[in-house]
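# Notes for the structure review
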Amino acid sequence: VDDRVVHIHHGVGRVVGLVNSSFAGAESKLYYEIALGQSTVWVPVQSSASPSVELRALTRKRDLEQYRQVLRSQPIKLSTDHRQRRLDLLEMLKAGTFESLCMIVRDLTAQSQLKTLNDVDSLTLRQAHANLTQEWAAAEGISLVDATRQIEALLRERLQAPSPSPTNGAAS
């Protein structure tokens, strides 16, 4: 209780309790009660054998340096087929990791500098950037404005460094 967590769909929150509840007439289960600003969500407690993909611990401040490196690194060239690109991005989002958010923001930002993003890619970038900024601010203990500035500065660093064109494959 009182741990800061990240819900894959709702962002940063705080565990306020464990509750036994039954939703929609289903069998009673144990849930984490997560406070997210003005709202509350309940996430089923999973066994350690099958941990929840929807809920994870907030990224630690000391781990941000590795994510700074991800944002500075060469982007991965995204598929030119919009359907495949969408599937690839959804797969990364489903992973629910802070690293996947960094990669999505890095790669779509790079793509946007080569060509105007379509509506779906623009929305994906905005949502990923908002989630990244929210967690970055919470982990670093800074405002959303300062987190946005830091992230944008890291993305600009990559642009200012001489580098080869984006490559296919995983980021190193």
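Residue positions within a chain follow its written sequence, with the count starting from 1. Where local features are concerned, this predicted model is filtered to residues with pLDDT of at least 70; where side-chain atom pairs are given and counted, the filter is 80 or more; whole-chain, interface and lining totals use all residues. Side-chain measures were taken over the full set of non-hydrogen atoms in the model, leaving aside hydrogen atoms and water.

### Quick notes on the sheet that holds strand 5 (residues 55-57)
Taken in spatial order, the five strands of this open sheet run 4-3-2-1-5, and their pairing is antiparallel. This sheet does not close on itself; its edge strands, each paired only once, are strand 4 (39-44) and strand 5. If you compare each strand with its neighbour and ignore which way they point, the axes differ by 45° on average. Strand pairing follows a simple DSSP-based rule, namely that at least 2 bridges must link the two strands. Strands here are runs of E lasting at least two residues and helices are runs of H or I lasting at least four, both read from the DSSP assignment and numbered beginning at the N terminus. Inspection of the sheet shows strand 1 (residues 4-7) paired to strand 2 (residues 11-21) by four bridges, in the antiparallel sense. What sits directly across from Val6, in strand 2, is Val12. Here helix 4 (residues 119-140) sits on the sheet in contact with strand 1, strand 2 and strand 5, set at roughly 85° to strand 2. All axes are obtained by fitting lines to C-alpha atoms, using only the stretch in contact for helices, and the reported angles, taken between N-to-C directions, cover 0 to 180 degrees. What makes two residues a contact is simply this: any of their non-hydrogen atoms within 4.5 Å.

### Here we look at the packing of helix 1 (residues 64-72) against helix 3 (residues 98-114)
Across the interface, helix 1 lies against helix 3 with an axial gap of 9 Å and an inter-helix angle of 25°. With respect to helix 3, the axis of helix 1 lies roughly parallel. Note on packing geometry: the crossing formed by helix 1 with helix 3 is right-handed. Of the residues in helix 3, those touching helix 1 at Leu64, Tyr67, Val70 and Leu71 are Phe98, Glu99, Cys102, Met103 and Arg106. If an angle is under 35 degrees, it is roughly parallel; if it is over 145, roughly antiparallel; if it lies from 65 to 115, roughly perpendicular; otherwise it is oblique. With the far helix as reference, a near helix turned anticlockwise by less than a right angle produces a left-handed crossing, and one turned clockwise produces a right-handed crossing.

### Points about the confidence of the model for the protein chain
Any residue range with low pLDDT should be treated as having predicted coordinates unsuitable for detailed reading. In the predicted model, the protein chain carries a mean pLDDT of 88, and 89% of its residues have values of at least 70. Every residue is assigned a pLDDT by the predictor, reflecting its confidence on a scale from 0 to 100. Taken element by element, the predicted model of the protein chain shows its lowest mean pLDDT in strand 4 (88) and its highest in helix 1 (97).

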